[in-house]
Amino acid sequence: MAFKQLDSFNSTEEIRLALRSWPEVDEYLVQNKGVIIPLGSTEQHGPTGAIGTDALTAEAVALEVGRRTGVLVTPTQSFGMAEHHLGFAGTMSLKPDTLLALIHDLVISLIRNGFERVFVVNGHGGNIATVKSAFSMVYATAASQELPAASKVRCKIANWFMAGPVSRQAKELYGDQEGCHATPSEISITMHLEPSLLEKQKDLPRASPVGPIFGAEDFRRRYPDGRMGSNPFLAKADHGASFLEKAAIALSDDLIQFLNAP
Ligand code: NI
């Protein structure tokens, strides 16, 4: 079995890989082969949302999942595939092949020293296709390099914003004004995490409706203020606390199933 149920912790210090020493990681690996990688994006989030929204939310959910399950959490990968947001200032994007290589290299590094179950907590829809491709490359590399645990390696991407209880709450609170970019649910979590963001919120005219995406210039033309169908004015910090808890509970269940599956 790749996983022994560990105690949950009162704080996140115990589960942050960045705060562990290598002998401590070796010791952890005797009982638990699981690891969480938070993955976000650094991109425009409409006229009022923070550029770091997807990284802030992914990190908060990942740390809370780690705290509840005792599974180690790596530093956050705050840059993702945001090519279609490059028409807006502040966006910093990795091309799909760059992100693919980056995720591949990070996961192979973990596997080389004994991790077997890699759980990516993702905050950005634009990362999904590329991360899944990276996992395919990871399996191929682990096999071709004959890494000791190659046959046991499993990778999974978990998108907190797609968890059932999160989507249901977003629908109840915001209906169709949740939209699909710069959504009130993700903005709510950032307001809960960073009180300075509360002051940025203001009433906004209705956003452009949800539609297709064909690159940066086309995106800016279709969605001139960066939102897609969303009304972030509906966001509230206490909604954010509730979204964060719902996401963490749902993803902790997913993680434990993933660690215990053959
Ligand atoms: Ni986002």
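Chemist: Looking at this model, I keep getting lost on the pairing of strand 1 (residues 34-39). Mind explaining?
Modeler: Regular strands place their side chains on alternate faces of the sheet. Counting buried positions along strand 1 gives six out of six residues, so the element sits mostly inside the fold. Pairing geometry for strand 1 and strand 3 (residues 117-122), over six bridges, is parallel. Across the sheet, I36 pairs through a bridge with F119, a residue of strand 3. Taken together, the two bridges between strand 1 and strand 2 (residues 72-73) define a ladder with parallel strand orientation. Note that in strand 2 the partner of I36 across the bridge is V73. The parallel pair strand 1 and strand 2, bridged by helix 2 (residues 53-69), forms a crossover whose chirality is right-handed.

Chemist: It is not clear to me how helix 1 (residues 22-31) should be interpreted in this structure. Could you clarify?
Modeler: Residue pairs spaced three or four apart in an α-helix point in one direction, given the helix's 3.6 residues per turn. For helix 1, the full list of buried residues reads V25, Y28 and L29. The buried residues of helix 1 occupy an angular sector of 100° when projected down its axis, which confines them to one face. Exposed side of helix 1, more than 90 degrees from the buried face: E27 and V30 are the residues found there. Check the buried side of helix 1 and you find it contacts strand 1 and strand 2.

Chemist: What is the right way to read the pattern of salt bridges from this model?
Modeler: Between side chains of opposite charge, pairing is possible as soon as their charged atoms come close. Evaluation of the coordinates by the stated rule reveals eight salt bridges. For R67, the salt bridge goes to E64, with nearest N and O atoms at 2.7 Å. Placement of both R67 and E64 in helix 2 is noted, with a separation of three residues, approximately one turn of the helix.

Chemist: Hey, could you run me through the packing of aromatic side chains in this one?
Modeler: Any aromatic ring pair is given by two values, namely how distant the centres are and how the planes are angled relative to each other. All chains considered together, the criterion is met by six aromatic pairs. Ring geometry for F119 and F258: centres 5.9 Å apart, planes at 35°, overall tilted. Here the residue F119 occupies a position in strand 3, and F258 occupies one in helix 8 (residues 237-260), the gap between them amounting to 139 residues. The same class applies to F119 and to F258, which are both buried.

Chemist: Looking at this structure, how should I read the sheet that holds strand 3?
Modeler: Adjacent strands of a sheet form backbone hydrogen bonds with each other and so pair up, either parallel or antiparallel. As summarised here, the arrangement of the four strands in space is 2-1-3-4, forming an open sheet in which the pairing is parallel. Edge positions in the open sheet fall to strand 2 and strand 4 (154-159), since each of these has one partner strand only. Sitting on the sheet, helix 2 is in contact with strand 1, strand 2 and strand 3, with an inclination near 160° to strand 1. Those strands touched by helix 8 are strand 1, strand 3 and strand 4, and its axis lies near 160° from that of strand 3.

Chemist: Hey, could you run me through the environment of I108 in this one?
Modeler: Relative to the elements of secondary structure, I108 occurs in helix 3 (residues 96-112). According to the relative accessible area criterion, I108 is buried, its value standing at 7%. Taking the C-alpha atoms as reference, I108 lies 7.9 Å from T141; in sequence the two are 33 residues apart. Apart from the residues lying within four places of it in its own chain, the contact partners of I108 are V138, T141, A142 and L147.

Rules behind the numbers
Within any chain, residue numbers begin from 1 and follow the written order of that chain's sequence. Only residues with pLDDT of at least 70 get local features here, since the model is predicted, and only at 80 or more are side-chain atom pairs given and counted; chain-wide, interface and lining totals rely on the full set of residues. Each side-chain value is derived from all of the structure's non-hydrogen atoms; neither hydrogens nor water enter the calculation. The buried label goes to any residue with under 20% of its type's maximum accessible area, the exposed label to any with over 50%, and the partly exposed label to all in between, with areas taken from a 1.4 Å probe on protein chains only. To qualify as a helix, a DSSP run of H or I must reach at least 4 residues; to qualify as a strand, a run of E must reach at least 2; elements of each kind are numbered from the N terminus. Pairing between strands requires that DSSP locate at least two bridges from one strand to the other. The handedness rule is simple: strands pointing away from the viewer, and a clockwise path from the first strand over the helix to the second, make the crossover right-handed. By construction, the arc corresponds to the directions joining the helix axis to the C-beta atoms. What makes two residues a contact is simply this: any of their non-hydrogen atoms within 4.5 Å. Salt bridge, as used here, is a side-chain nitrogen of Lys or Arg placed within 4 Å of a carboxyl oxygen of Asp or Glu. Only Phe, Tyr and Trp rings take part, Trp by its six-membered ring, and two of them pair if their centres are within 6.5 Å. Stacked means planes under 30 degrees apart, edge-to-face means over 60, and tilted covers everything else. In this description, a line fitted to the C-alpha atoms serves as the axis of each element, helices being fitted only across the stretch in contact, and the angle between N-to-C directions of two axes falls anywhere from 0 to 180 degrees.

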